[in-house]
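Notes for the structure review
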Amino acid sequence: MSDACPCASGKPFGECCEPYLLGRVKPPTAVALMRSRYTAYAMGAIDYLYQTSSERVRKEFDAEGSKKWAQSAEWTGIEIIQTTGGGAQDESGVIEFLAHYKVKESDFNHHERAEFEKRDGVWVFMDGNMIGPAPVRREEPKVGRNDPCPCGSGKKYKKCCATAHGADEKSK
């Protein structure tokens, strides 16, 4: 029995992503391309990443940086979270995914929304947008250094409670 494909499809590599990486056939869907690109990272097939990218992405492609990142990690799986379009009959698609990997025994996730288009009948990677945690939003307005202190002392914030919150002592 052959080894399982790194893309976590459950299929043997030879029946899953290998034909794509070797150029025997083209991925029929955006998801198949996404999975094969993940496998390319897992196996260090950096040329495949370049070949399956749009012209604009190729202009900015950092083969050496991609190779270093791919080699520095132990790739542990990919989860397809959401797919919009990208089927065999579509011309474009968007795939949100989580790529799991380890670096020095620490687990990481690369969360991205990737855009794909079919060019001359062949799926290509167009762009990717990282998805991260939502920014922290302040509930209360920020108190300026020269604003009245919210404690009600009548002093400026910098001369009152700011020092208790680690404000800089030079402003006293």
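A short tour of the structure in this document, coming up. Note that this is a predicted model, so its numbers are computed, not measured.

What counts, and at which threshold
Residues numbered from 1 in each chain as written. Predicted model: local features only at pLDDT ≥ 70, side-chain atom pairs only at ≥ 80, totals over all residues. Heavy atoms only, no water. Helix = DSSP H or I, 4+ residues; strand = E, 2+ residues; numbered from the N terminus. Buried < 20%, exposed > 50% of the residue type's maximum accessible area, 1.4 Å probe, protein only. Lys, Arg positive; Asp, Glu negative; His and termini not counted. Salt bridge = Lys/Arg side-chain N within 4 Å of Asp/Glu carboxyl O. Contact = heavy atoms within 4.5 Å. Phe/Tyr/Trp six-rings, centres within 6.5 Å; stacked < 30°, edge-to-face > 60°. Lys NZ or Arg CZ within 6 Å of the ring centre and 35° of its normal.

Examining the environment of arginine 145
- Inspection of the secondary structure assignment puts arginine 145 in the segment after strand 4 (122-130).
- For arginine 145, a relative accessible area of 44% puts it in the partly exposed group.
- Along the backbone, arginine 145 and cysteine 161 are 16 residues apart, and their C-alpha atoms lie at a distance of 10.0 Å.

A look at the side chain of arginine 37
- Looking at the element boundaries, arginine 37 is found in helix 2 (residues 30-43).
- Here arginine 37 is buried and forms no salt bridge, its nearest opposite-charge partner glutamate 112 lying at an N-O distance of 6.8 Å.
- If we ignore the near neighbours within four places in the chain, the residues touching arginine 37 are Tyr48, Leu49, Thr52, Ser53, Phe116 and Phe125.

Section: the packing of aromatic side chains
- Inspection of every chain in the model, using the stated rule, returns 9 aromatic pairs.
- An angle of 70° between the planes, with centres 5.3 Å apart, marks the rings of tyrosine 41 and tryptophan 69 as edge-to-face. Remark: tryptophan 69 occurs in helix 5 (residues 63-72) and tyrosine 41 occurs in helix 2; sequence separation between them is 28 residues.
- A relative accessible area of 18% places tyrosine 41 in the buried class.
- Note on phenylalanine 116 and phenylalanine 125: the rings are 5.8 Å apart at their centroids and 65° apart in plane angle, and the pair reads as edge-to-face. Comparing phenylalanine 116 with phenylalanine 125, the two get one shared label, buried.
- Between arginine 58 and the ring centre of tyrosine 50, over which it is positioned, the NZ or CZ distance is 4.9 Å.

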